[in-house]
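# Understanding the architecture of this molecule
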Amino acid sequence: MATIKDVARLAGVGLGTASRVVSGKGAVSPATLAKVRKAIEELDFRPSHAARALLSGYSKMIGVYIPVLKGTFYTPILQLIDMELRASGLHMVVAFGVGQSDARRQAVEGIEFLMERGCDGIITISNALQDEDIEAFGTRGSNFVVVNQAFSGLAEQCFVVDHRLGGQLAAQALLAHGHRQIAVIAGPSTAPDNVERIDGFMAELRRQGVDTGGLWVAESDFSPEGGWACTRELLASDYPFTALFCANDEMAIGALSQCQEAGIAVPRDVSVLGYDDTPSAQFSAPRLTSVHVPWRDVALAGLNALLNRCYGGDRPVTRDYPVSITQRASLGPAPEGGGRRRRA
């Protein structure tokens, strides 16, 4: 395989001159340009990614950190980022949480892994980092954006959703269908976005006269397995309920599966409401009503801001992400007579 040195030798020019032609940076006379291009064609020279990085000063790689590499939440976001980067001649490098450490440590290690690989910039989709973690990155964090978590000293580099409003809309949707006996499967209490959506949900219930002190509430891990296990526990608890709010779609899908196994018809007996409106919500049985969060818009805004920081340019960066309810088949009127006690 021909190298840049071979091109320079055949064209009869110095290595620096040949490099300027390949990179497109720096002045070269028309005659010299023609000689170098002819040598490139004769040798079928194709600079490697590493060579391009050395010539340009950029790796042309963008790092993406996600907590887990599974489920239907992160996959569409990764597909969007990869498509946008490829269209710009850039490459995506993905890191995700590994090992037995907590989510925060995994996030820090994953981001450091991407930095060590020479990524020009990093986008992290996580809610586990702390202010001191951002400070520890120092100048390395200049080309860094965060999706779904806000830091006071990093406002322009953070892209967040009004999850409190999302929780409020979820409560309004259930109340509008006559539900007042409600159970809740929350995500981890350590996740700020989960805390916000549950706080918004409970506040709206209280505002409309529902005593939230007696609600059945379980904490899970945002996984289908967690939703399935919590719903099994709920059905065994003898707690009367007509509706179940799950803090994400993954847990709601698990809840629907457990209801089906227990012989509970959704929404005739119990309504189920999810959060995020991921692709899986469209194809569950029954199709899942969910709080719609425009995650593609949020991720694209963060990516555009990052690329502007890394390479210049004026890609559009939006800051308004409307949250709404996507009504599907899993939400119906509260059954007459209120919630019935059911055992798994």
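Above this text you will find the structure in question.
Residues numbered from 1 in each chain as written. Predicted model: local features only at pLDDT ≥ 70, side-chain atom pairs only at ≥ 80, totals over all residues. Heavy atoms only, no water.

## Regarding the sheet that holds strand E11 (residues 324-326)
- Read across the sheet, six strands follow the order E7-E6-E8-E9-E10-E11 without closing on themselves; strand pairing throughout is mixed. Bordering the open sheet on either side are strand E7 (216-219) and E11, each of which pairs with just one other strand. When the angles between neighbouring strand axes are averaged without regard to direction, this sheet yields 20°.
- Note: strand E10 (residues 289-292) against E11, three bridges, orientation antiparallel. Bridge pairing in E11 links His292 to Ser324.
- Sheet contacts for helix H11 (residues 249-261): strand E6 (182-186), strand E8 (243-246), strand E9 (271-276) and E10; angle to E9, the most-contacted strand, approximately 155°. (Pairing = 2+ DSSP bridges. Helix = DSSP H or I, 4+ residues; strand = E, 2+ residues; numbered from the N terminus. Axes fitted to C-alpha atoms, helices over the stretch in contact; angles between N-to-C directions. Contact = heavy atoms within 4.5 Å.)

## Some words on the packing of helix H2 (residues 15-23) against helix H3 (residues 30-43)
- In contact at an axis separation of 10 Å, H2 and H3 are set at 80° when each is read in the N-to-C sense. Considered as vectors, H2 and H3 are oriented roughly perpendicular to each other. Here Thr17, Ala18, Val21 and Val22 of H2 lie close against H3, whose contacting residues are Thr32, Leu33, Val36, Arg37 and Ile40.
- Its residues placed into classes, the contact of H2 with H3 shows six nonpolar, two polar and one charged. (Parallel < 35°, antiparallel > 145°, perpendicular 65-115°, else oblique. Nonpolar A, V, L, I, M, F, W, Y, C, P; charged D, E, K, R; others polar.)

## Looking at the state of the cysteines
- On inspection of all chains with the given rule, the structure shows zero disulfides.
- Cysteine Cys158 remains unbridged, with the sulfur of Cys310 as its closest cysteine sulfur at 15 Å.
- You can see Cys246 has no disulfide; the closest cysteine sulfur is in Cys230, sitting 8.6 Å from it. (Disulfide = S-S within 2.5 Å.)

## Focus on the pairing of E9
- Among the six residues of E9, six are classified as buried, and the element is accordingly described as predominantly covered.
- Both E8 and E9 contribute to a ladder of three bridges, which runs parallel. By the bridge assignment for E9, Leu244 is matched with Val272.
- Following the backbone out of E8, through H11 and into the adjacent parallel E9, one traces a crossover that is right-handed.
- Two elements, E9 and E10, share four bridges in a ladder whose sense is parallel. The residue of E10 that forms the bridge with Tyr275 is Val291. (Buried < 20%, exposed > 50% of the residue type's maximum accessible area, 1.4 Å probe, protein only. Right-handed = clockwise from strand over helix to strand, strands pointing away.)

## Topic: the layout of surface pockets
- When its volume is computed, the largest pocket comes out at roughly 1000 Å³.
- If you trace the largest pocket, you find 43 residues lining it, with Pro67, Tyr74, Asn127, Ala191 and Phe222 closest to the centre.
- Those elements giving two or more residues to the lining of the largest pocket turn out to be helix H6 (103-116), helix H9 (192-207) and helix H10 (224-236).
- Here the residues of the lining of the largest pocket are counted per class, giving 20 nonpolar, 12 polar and 11 charged.
- In this structure, the second largest pocket spans a volume of roughly 230 Å³. (1 Å grid on protein atoms, 1.4 Å probe; cavity = no way out; pocket = protein on both sides within 12 Å on 5 of 7 lines; lining within 4 Å. Points joined across faces, edges and corners; volume = space filled by probe spheres on them.)

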